[in-house]
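# Descriptive analysis of the structure
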Amino acid sequence: MVLVDRTLSESSDDIDIRPLELEDLRRRLDESDDDCHSLPDGSSNQSFSAAFQIGLKRRRETTVNRNFVAKMAWKNAVRKALALGDPWEKFHLNAYKTERARRHRYNAMRQTWTQDEVVVKMEKDSFNHGAMRECFRMKKLSNFSKDDWERAHNYVAKRYMDLNTPRETYFDDVRLQVDIFQMAILEMIDREGSPLFHLEHFIEGQYVKYNSNSGFVRSEAIRMTPQAFSHFTFERSGHELIVVDIQGVGDLYTDPQIHTSHGEEYGDGNLGTRGMALFLHSHRCNSICESLNLTPFDLAPSEIESNKTISSTKNAYQTIVRGTEEIVLTPSEEEKEHIQDYIRMRSLSSGYHSGDDRPRTKLTSISSLDSLECDDMILMSESEDSLVDSAKRERNHHHHLRDYHNRLRLDSMTDSGTDTETREMEIMQFKQLVQRKARPSHVLGEIEHRKQLELLEENRSKTGGSVLGQVHLDLAKYHELNRFVKEGESFDQEAAIYHLNQAAKCGCLEAIKTMAQLHLGLPHDTLPGIQLDDNKCELELGFDYMQTAAEAKDRVAMIYISKAYETGIGLPKSKSKNWDKAVYWLEKVINTNTEDEEGNFDGTMDDPQYQLVARQAVMYLSGGYCLEKDPNKAGELYTYAAELATEAMKGKLAAKYYMQAEEAWAECEE
């Protein structure tokens with residue numbers, strides 16, 4: 001084997017044979033392909049590696065083969081698209097009236113709108129409809145062609161069936177979907193009132209709904225990307241939103257729904273943290289989630305086991321509109337008396353009306369064909385149009401391909417509205433911003449995040465502000481409403497308590513109070529039907545939860561802590577009566593006239609302020625348990641309690657307090 005040409009005067013001693021080294025790779029990467037066949041001159045001793053030369057040749061051959069296959073695959077795909085013809089030819093859209101329309105397009109990076117005028121033909125009657133909108137077939141003439149309707153692109157125009165829908169809603173929807181699927185607004189300026197339509201490309205293929213906005217997650221392992229994408233949006237947004245209702249052809253999605261942490265914007269399908277809870281409860285991380293370093297959402301062991309064998313959430317297949325979803329609220333006292341009827345009525349209003357075992361194919365803009373005509377379409381198989389046949393047909397289709405690519409290039413230039421370099425810079429800046437906001441889906445990560453914030457911000461509260469905590473709390477309430485079991489079955493109390501505990505760990509004040517009440521054996525408004533067994537009640541843990549709630553300015557918690565230190569009732573074994581702390585918490589209650597950290601206010605009607613002040617006076621008058629006796633302070637407090645009782649129209653009680661104030665001051669004189 002000849003490795004390299006050399007003169008006859010060269011002997012084997014002139015050649016330095018050595019193993020392949022890293023410098024060989026670095027040097028060869030800097031050289032062009034034309035220079036790779038010979039070694040550099042200028043030295044009597046030439047160094048080379050036989051293994052490197054053979055490997056380099058193989059890499060060149062592999063690259064050429066891959067490029068050829070990729071090129072032919074793309075040509076094959078384009079040829080198939082051209083061979084299919086116009087799937088809407090039989091609907092004779094060309095016969096409809098030509099109309100002018102004003103197109104509004106949105107740039108998500110720059111957050112700006114652009115307008116231009118287009119020419120369209122739209123059918124008069126809708127061919128399908130969803131929960132809120134109806135669909136019309138449309139053809140739009142390219143801005144670079146004149147009256148050539150044979151080459152006009154197919155579109156689907158959608159409008160809300162409720163004609164009173166505000167015009168601003170159309171623009172809000174485009175802001176939502178612009179990064180999912182190219183979408184614009186058409187303003188039909190030739191029609192009375194200039195009605196608005198959403199404009200989407202018609203895309204052929206098998207349309208699949210992968211998940212819904214109310215918890216449905218398709219169980220068939222046909223695509224992992226949609227579920228991973230929804231999970232990805234939850235983490236990368238820092239729990240501020242999640243994109244669900246993923247549906248489309250392959251990985252081209254359309255008509256998504258966004259749930260936001262505050263439950264506002266993005267239409268009536270935005271269910272807020274309740275929608276987040278329903279998706280995360282049914283989602284199971286796949287290999288794509290793992291490759292993206294997404295963290296699994298915390299579920300109870302019973303939930304994990306149940307979802308392995310039961311395809312739950314089938315009843316959540318359809319998209320739910322805000323106001324028709326199951327509200328996560330505790331039943332009223334009257335409803336509790338007829339709880340089975342309440343649950344049955346709740347189930348009937350869940351928005352699911354299909355008894356099919358498999359999700360039905362939804363007919364919208366990207367369904368391959370209408371259900372009535374799908375059998376008329378004949379698709380080419382790979383055997384009918386192999387790469388070998390493609391090469392033979394290439395010359396015949398050359399002019400079609402050239403026109404096709406020209407149209408695509410022109411449409412792309414006009415639709416982008418910005419140069420590639422600027423757009424890439426904007427995308428990079430946006431990506432960096434998102435990475436800084438990213439937060440994991442599990443509770444341990446949330447706890448660590450909150451600890452870091454406490455170190456950075458002085459006097460930061462340990463409660464409130466956790467979207468993940470609210471998601472877990474919503475799941476606990478959904479369990480109580482029998483959301484995840486069949487009618488007639490009892491809900492999973494262990495799972496409900498598990499999510500309540502996770503919410504408490506995340507600093508959710510409502511969950512903290514409920515966990516305290518459960519462990520202390522107190523009545524509670526959240527999950528009222530659940531009581532912990534005596535062997536599971538932890539007095540120490542319950543008191544700690546209650547004190548955390550008190551520190552978050554919850555009045556009921558502050559009063560409980562003060563009574564516990566005053567009387568010793570409800571105190572864990574590690575603590576003892578302490579009137580100094582009791583007076584401290586009573587003072588906090590009396591002087592707190594603002595909302596707690598979650599925006600709630602409790603006027604403590606069961607413990608009016610004049611009673612709280614009088615209790616302080618009693619402790620100061622007697623002294624003890626770490627509180628120094630102070631009759632003068634007691635007299636002042638009794639007088640203040642009498643004034644408060646007078647304002648509350650409690651004349652007899654006010655007189656009593658005035659009398660006790662005199663007795664306290666009498667002790668001072670003695």
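Reading guide: rules and limits
Residues numbered from 1 in each chain as written. Predicted model: local features only at pLDDT ≥ 70, side-chain atom pairs only at ≥ 80, totals over all residues. Heavy atoms only, no water. UniProt positions renumbered as here; feature names shortened; annotations may be inferred. Core = buried A, V, L, I, M, F, W, Y, C linked by side-chain atoms within 4.5 Å. Buried < 20%, exposed > 50% of the residue type's maximum accessible area, 1.4 Å probe, protein only. Contact = heavy atoms within 4.5 Å. Helix = DSSP H or I, 4+ residues; strand = E, 2+ residues; numbered from the N terminus. Polar contact = N/O pair within 3.5 Å; in protein donor to acceptor, adjacent residues only side chain to side chain. Pairing = 2+ DSSP bridges. Axes fitted to C-alpha atoms, helices over the stretch in contact; angles between N-to-C directions. pLDDT = per-residue confidence, 0-100. Phe/Tyr/Trp six-rings, centres within 6.5 Å; stacked < 30°, edge-to-face > 60°. Lys NZ or Arg CZ within 6 Å of the ring centre and 35° of its normal.

In the nomenclature of an unreviewed UniProt entry, the protein chain corresponds to Eukaryotic elongation factor 2 kinase from the organism Scylla paramamosain. What UniProt states about the protein chain under its Sequence similarities (unreviewed entry) heading is, verbatim, "Belongs to the protein kinase superfamily. Alpha-type protein kinase family."

With 60 residues, the main nonpolar core has Leu500, Ile561 and Tyr657 as its most contacted residues. Those residues within four positions of Leu500 in sequence are excluded, and the remaining contacts are Leu473, Ala476, Ala511, Thr514, Met515, Leu518 and Leu527.

Moving on, we come to the side chain of Thr526. Topologically, Thr526 is positioned in the loop between helix 16 (509-520) and helix 17 (539-551). Side chain to side chain, Thr526 and Glu510 meet in a polar contact 2.7 Å long.

In this section: the environment of Ser562. Turning to its location among the elements, Ser562 is positioned in helix 18 (residues 555-567). Taking relative accessible area as the criterion, Ser562 reaches 0% and is therefore assigned buried. Note: C-alpha distance between Ser562 and Gln547 (15 residues apart in sequence) is 10.0 Å.

Attention now goes to the sheet that holds strand 12 (residues 247-249). Pairing is antiparallel in the open sheet, where three strands are placed in the order 10-12-13. Taken across any chain shown, the strands that pair with only one partner, and hence form the sheet edges, are strand 10 (207-209) and strand 13 (252-254). Pairwise comparison of adjacent strand axes, ignoring direction, gives a mean angle of 30° for this sheet. Here strand 12 pairs with strand 13 via three bridges, running antiparallel. Following the sheet pairing, Val249 is matched in strand 13 by Leu252.

Moving on to the confidence of the model for the protein chain. The predicted model of the protein chain averages 76 in pLDDT, with 69% of residues at 70 or higher. Confidence drops under pLDDT 50 across residues 1-20; counting only partners more than four residues distant or on other chains, this segment forms 23 contacts. Across residues 310-318 the pLDDT falls below 50, and counting only partners more than four positions away or on other chains, this stretch makes 32 contacts in the model.

Let's shift gears to the packing of aromatic side chains. Working definition: an aromatic ring pair is given by the centre-to-centre distance plus the angle between the planes. Going through the model one piece at a time under the given rule, you end up with ten aromatic pairs. A ring pair is formed by Trp113 and Phe171, whose centres lie 5.0 Å apart and whose planes are at 75°; its orientation type is edge-to-face. Pair noted here: Trp113 is in strand 4 (residues 112-122) and Phe171 is in helix 3 (residues 167-177), with a separation of 58 residues, a long-range link. Between Tyr160 and Tyr170 the ring centres are 5.3 Å apart and the planes differ by 85°, which places this aromatic pair in the edge-to-face class. Linking Tyr160 in strand 7 (residues 153-160) with Tyr170 in helix 3, this pair joins segments that are ten residues apart in sequence. Take Tyr160 and Tyr170: they sit in the same class, and that class is buried. In this structure an aromatic cluster arises from ring pairing among Tyr106, Trp113 and Phe171. We note Lys121 situated over the ring of Trp149; from NZ or CZ to the ring centre the distance is 4.9 Å.

A word on the environment of Trp665. Mapped onto the elements of the fold, Trp665 is located in helix 22 (residues 651-669). Residue classification places Trp665 among the partly exposed positions, given a relative accessible area of 28%. Expressed as a C-alpha distance, the spacing of Trp665 and Asn632, which sit 33 residues apart in the sequence, is 5.7 Å. Those residues within four positions of Trp665 in sequence are excluded, and the remaining contacts are Asn632, Gly635, Glu636 and Thr639. Only 3.4 Å separates the side chain of Trp665 from the side chain of Asn632, close enough to count as a polar contact.

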